[in-house]
Amino acid sequence: MTYSTNKIYKIETKEKALELIHNYYSNANQLLKYIDEYGEEIKGANISQYGIESSLPKSNDVNTTPFLYEINRRAKKDRMCEKLGQKMRPVQMAKQFIVDETEELVLEMRMDGKSLKKIHEVTGKNKREQYKIFDKIAEDIVKYN
């Protein structure tokens, strides 16, 4: 299955970028859960017709068999995984713009789902300083996305 590059996830506001940063861990866990649960079913082999069957006309009938419903359901799971991946990509790409090691550590810990309190214990950055770092990263995401 091919995907169009026109559907790149656009981030137009800093608030949206901050939301992606803070939701990164839950999006990553959800994506891993889908891949573990449906890994064999989504992104599976595509079966195409070949030979004389491929040149025959296709019917316009709507087939409502349980099999086709199941195919559609799995295709939706595939699209859901793609959307989660698109939401995670800008945050992953933001790491290349970070030059300060402490800022990178704060982002890494947030991506790992650590609380602001835990980040403070490790880095010594208080909540206000952490939010300044997140604001700077969010501005980079909006700027370079």
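Residues numbered from 1 in each chain as written. Predicted model: local features only at pLDDT ≥ 70, side-chain atom pairs only at ≥ 80, totals over all residues. Heavy atoms only, no water.

## A few points about the overall build of the chain
And then number 1: Along the backbone of the chain there are six helices and zero strands.
And then number 2: When its helices and strands are written in sequence order, the chain yields α-α-α-α-α-α.
And then number 3: Put simply, the chain has 145 residues, and 26% of those count as buried.
And then number 4: Counting contacts in the chain only where the partners sit at least 6 residues apart, residues at least 24 apart contribute 71% of the total.
And then number 5: A total of about 10,600 Å² of accessible surface is found on the chain, and carbon and sulfur atoms cover 51% of it. (Helix = DSSP H or I, 4+ residues; strand = E, 2+ residues; numbered from the N terminus. Buried < 20%, exposed > 50% of the residue type's maximum accessible area, 1.4 Å probe, protein only. Contact = heavy atoms within 4.5 Å. Areas by Shrake-Rupley, 256 points an atom, 1.4 Å probe, with all protein chains shown as cover.)

## Digging into the side chain of Arg110
And then number 1: Mapped onto the fold, Arg110 is located in helix H4 (residues 101-111).
And then number 2: Buried and unpaired, Arg110 has no salt bridge, with Asp112 as the nearest side chain of opposite charge at 11 Å.
And then number 3: Ignoring any residue separated from it by four or fewer positions in sequence, one finds Arg110 in contact with Ile21, His22, Tyr25, Ser115, Leu116, Ile119 and Phe134. (Lys, Arg positive; Asp, Glu negative; His and termini not counted. Salt bridge = Lys/Arg side-chain N within 4 Å of Asp/Glu carboxyl O.)

## Section: the packing of H4 against helix H6 (residues 127-144)
And then number 1: Look at H4 against H6: their axes get within 10 Å of each other, and the N-to-C directions meet at 90 degrees. Considering their axes alone, H4 and H6 lie roughly perpendicular with respect to each other. Together, Glu103, Val106, Leu107 and Arg110 of H4 and Ile133, Phe134, Lys136 and Ile137 of H6 make up the contact between the two elements. (Axes fitted to C-alpha atoms, helices over the stretch in contact; angles between N-to-C directions. Parallel < 35°, antiparallel > 145°, perpendicular 65-115°, else oblique.)

## Here's the deal with the nonpolar core
The nonpolar side chains of soluble globular proteins are, as a tendency, buried together.
And then number 1: If you look at the biggest cluster of nonpolar residues, it comprises 27 residues, and the most contacted ones within it are Ile21, Tyr24, Val91, Leu107, Phe134, Ile137 and Ile141.
And then number 2: Residue assignment for this core shows that the elements contributing at least two residues are helix H1 (14-38), helix H3 (66-94), H4, helix H5 (116-123) and H6. (Core = buried A, V, L, I, M, F, W, Y, C linked by side-chain atoms within 4.5 Å.)

## A short note on the pattern of salt bridges
Side-chain pairs of opposite charge can arise where the charged atoms are in close proximity.
And then number 1: Summed over all chains, the structure comprises four salt bridges.
And then number 2: Residue Lys14 is joined to Glu139 by a salt bridge in which the shortest nitrogen-to-oxygen separation is 3.8 Å. Here the residue Lys14 occupies a position in helix H1, and Glu139 occupies one in helix H6, the gap between them amounting to 125 residues.
And then number 3: Classification of Glu139 by relative accessible area gives partly exposed; the value is 45%.
And then number 4: The salt bridge involving Glu108 is made with Lys95; its shortest N-O contact spans 2.2 Å.

## Focus on H3
And then number 1: The end-to-end C-alpha distance of H3, which contains 29 residues, comes to 43 Å, matching closely the 42 Å that a straight helix rising 1.5 Å per residue would cover.
And then number 2: The largest bend along H3 measures about 30 degrees and falls at Met88, with the proline Pro90 one to four residues further on.
And then number 3: For H3, the full list of buried residues reads Lys77, Asp78, Cys81, Leu84, Met88, Pro90, Val91 and Ala94.
And then number 4: Elements that come into contact with the buried residues of H3 comprise H1, H4 and H6. (Expected span 1.5 Å × (residues − 1). Bend = angle between axes of the 7 residues up to and from the residue.)

## Digging into the packing of aromatic side chains
And then number 1: Inspection of every chain in the model, using the stated rule, returns two aromatic pairs.
And then number 2: Between Phe97 and Tyr144, the ring centres sit 4.1 Å apart and the planes meet at 15 degrees, which makes this aromatic pair stacked. Taken together, the positions of Phe97 in the loop between H3 and H4 and Tyr144 in helix H6 put the pair 47 residues apart, joining distant regions of the chain.
And then number 3: Residue class for Phe97 comes out partly exposed when judged on its relative accessible area of 26%.
And then number 4: Note on Tyr144: relative accessible area 46%, which makes it partly exposed.
And then number 5: Measuring from ring centre to ring centre gives 6.2 Å for Tyr131 and Phe134, while their planes differ by 80 degrees; the resulting arrangement is edge-to-face. A residue pair is termed a helical-turn pair when its members lie 3 or 4 positions apart in one helix, as Tyr131 and Phe134 do in helix H6 at three residues.
And then number 6: Assessed through its relative accessible area of 36%, Tyr131 is described here as partly exposed.
And then number 7: With relative accessibility at 0%, the residue Phe134 sits in the buried group. (Phe/Tyr/Trp six-rings, centres within 6.5 Å; stacked < 30°, edge-to-face > 60°.)

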